[in-house]
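Descriptive structure summary
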Amino acid sequence: MVKKKQIFSIDDISDGDINRLFFRARSFKESNNYPQFRKAVLLTAFFEPSTRTRLSFEMAALRLGMRVANFQPQTSSMSKGESIEETIDTLLAMNPDILVTRQAESLKLPLKTHGIVINGGDGCNEHPSQALLDCFTLLHHFQSDNLYKKNILIIGDIAHSRVAHSGIKLLKRLNANVFLLSPKALAVVHEDVENFTSFNDVPTDIDVVMCLRVQKERLGQGDVFNQRDFIADFCLTKERLENFHKHCAILHPGPMNKGIEISEEVAKHPCSLISEQVKNGIFIRAALMEYGLELKSL
Ligand code: NCD
């Protein structure tokens, strides 16, 4: 597979390179020792809100000794009518070594640049660095290099979730069994993945459950969503969690809407890996940018 310098999908990274990313992230986690790229510049350009992803890339870049610039759409010429495409072309002309972008629509690829571009989330499409950090968290949790025979249940708004779309692809590549639970209106069909619309039908031998926020900002005009019904039917409560394996791990990419897709109690449960996901985000993004900088110099 040709190595891609514009990483928009988890499909843009080969199995071998994914294993290498996990290996490097593990080494950063264990040693806290990072190679230094003092001349390299990361530019982040987030046209949609973000707490974790943007800061996680920026923190990881600082760990790698990189310099960081941050584009702020609110105070930019976008308010003077410049489009996202024009703005991104302008940012790329400034020649950052790595550009991380987030926006509501997928960008038209390939972009004109010699640098590396990483997708920090494009609409309902993909969020590859989140899939990498979620799977890295699970591999570390299970002390394994694959997820063979692990039963992973993803609950919530699958249709609008870029986290789910990248996550399902990577979980399958790591040989996990993936199950989806969502209201019919928020379901999406994925190859080799079983869909459920009721907790009662879900298998009980679940090893990992991932809860997803309902992406209200992406619901279309025709989408029917009743929050009260959603909470009654899909919120992960302690009682529901107890149907699964005793030590079932809990994931959530954040931001959490406690009391809607996940109860307060489950969010704080001893089996929750949610803050571990945030910590691991830095290691995986450092590994991803190290990989990018190596690719750039090829
Ligand atoms: C997610 C996103 O932005 O796609 N958050 C994240 O990156 N950690 C999920 C969400 O917004 O619900």
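This write-up is about the structure you can find in this document. Given the structure is predicted, the values throughout are model-derived calculations rather than measurements. (Residues numbered from 1 in each chain as written. Predicted model: local features only at pLDDT ≥ 70, side-chain atom pairs only at ≥ 80, totals over all residues. Heavy atoms only, no water.)

What follows is about the packing of helix α1 (residues 15-31) against helix α9 (residues 274-296). Interaxial distance between α1 and α9 falls to 8 Å at its minimum, and their mutual angle equals 120 degrees. When the interaxial angle is binned, α1 and α9 end up oblique. Considering how the two elements wind past one another, α1 and α9 form a crossing that is right-handed. Of α9, the residues touching α1 (which contributes Asp17, Leu21, Phe22, Arg24, Ala25, Phe28 and Lys29) are Glu276, Asn280, Phe283, Ile284, Ala286, Ala287, Leu288, Glu290 and Tyr291. Residue classes in the contact of α1 with α9 are distributed as ten nonpolar, one polar and five charged. (Axes fitted to C-alpha atoms, helices over the stretch in contact; angles between N-to-C directions. Helix = DSSP H or I, 4+ residues; strand = E, 2+ residues; numbered from the N terminus. Parallel < 35°, antiparallel > 145°, perpendicular 65-115°, else oblique. Left-handed = near helix turned anticlockwise from the far one by under 90°. Contact = heavy atoms within 4.5 Å. Nonpolar A, V, L, I, M, F, W, Y, C, P; charged D, E, K, R; others polar.)

The next subject is the nonpolar core. Membership of the largest hydrophobic core comes to 58 residues, with the highest contact counts inside it found for Phe22, Leu132 and Met289. Broken down by element, this core gets its largest block of residues, ten residues, from α9. Once you skip the residues sitting within four places of it in the chain, Phe22 turns out to touch Leu132, Cys135, Phe136, Leu139, Leu170, Leu174 and Ile284. Ranked by size, the runner-up nonpolar core spans 25 residues in total, among them Phe196, Val209, Leu241 and Ile260. (Core = buried A, V, L, I, M, F, W, Y, C linked by side-chain atoms within 4.5 Å. Buried < 20%, exposed > 50% of the residue type's maximum accessible area, 1.4 Å probe, protein only.)

So, about the layout of surface pockets. Considering only enclosed or pocket space, the largest pocket measures out at about 370 Å³ in volume. Lining the largest pocket are 22 residues; nearest its centre among them are Arg102, Arg162, Arg213, Gly254 and Pro255. Elements with a contribution of two residues or more to the lining of the largest pocket: α2 (52-63) and α5 (162-173). When grouped by side-chain class, the residues that make up the lining of the largest pocket number five nonpolar, ten polar and seven charged. Here the second largest pocket defines a volume of roughly 200 Å³. Looking at the lining of the second largest pocket, the elements with two or more residues in it are α2, α4 (128-142) and α9. With six residues, the single largest contributor to the lining of the second largest pocket is α9. (1 Å grid on protein atoms, 1.4 Å probe; cavity = no way out; pocket = protein on both sides within 12 Å on 5 of 7 lines; lining within 4 Å. Points joined across faces, edges and corners; volume = space filled by probe spheres on them.)

Most of strand β7 (residues 177-181) sits out of view: four of its five residues are buried. By the bridge criterion, five bridges tie strand β6 (residues 151-155) to β7 in an arrangement that is parallel. Looking across to β7, one finds that Asn151 is bridged to Asn177. Crossover β6 to β7 through α5 is right-handed. (Pairing = 2+ DSSP bridges. Right-handed = clockwise from strand over helix to strand, strands pointing away.)

By themselves, these observations are geometric and do not establish any function.
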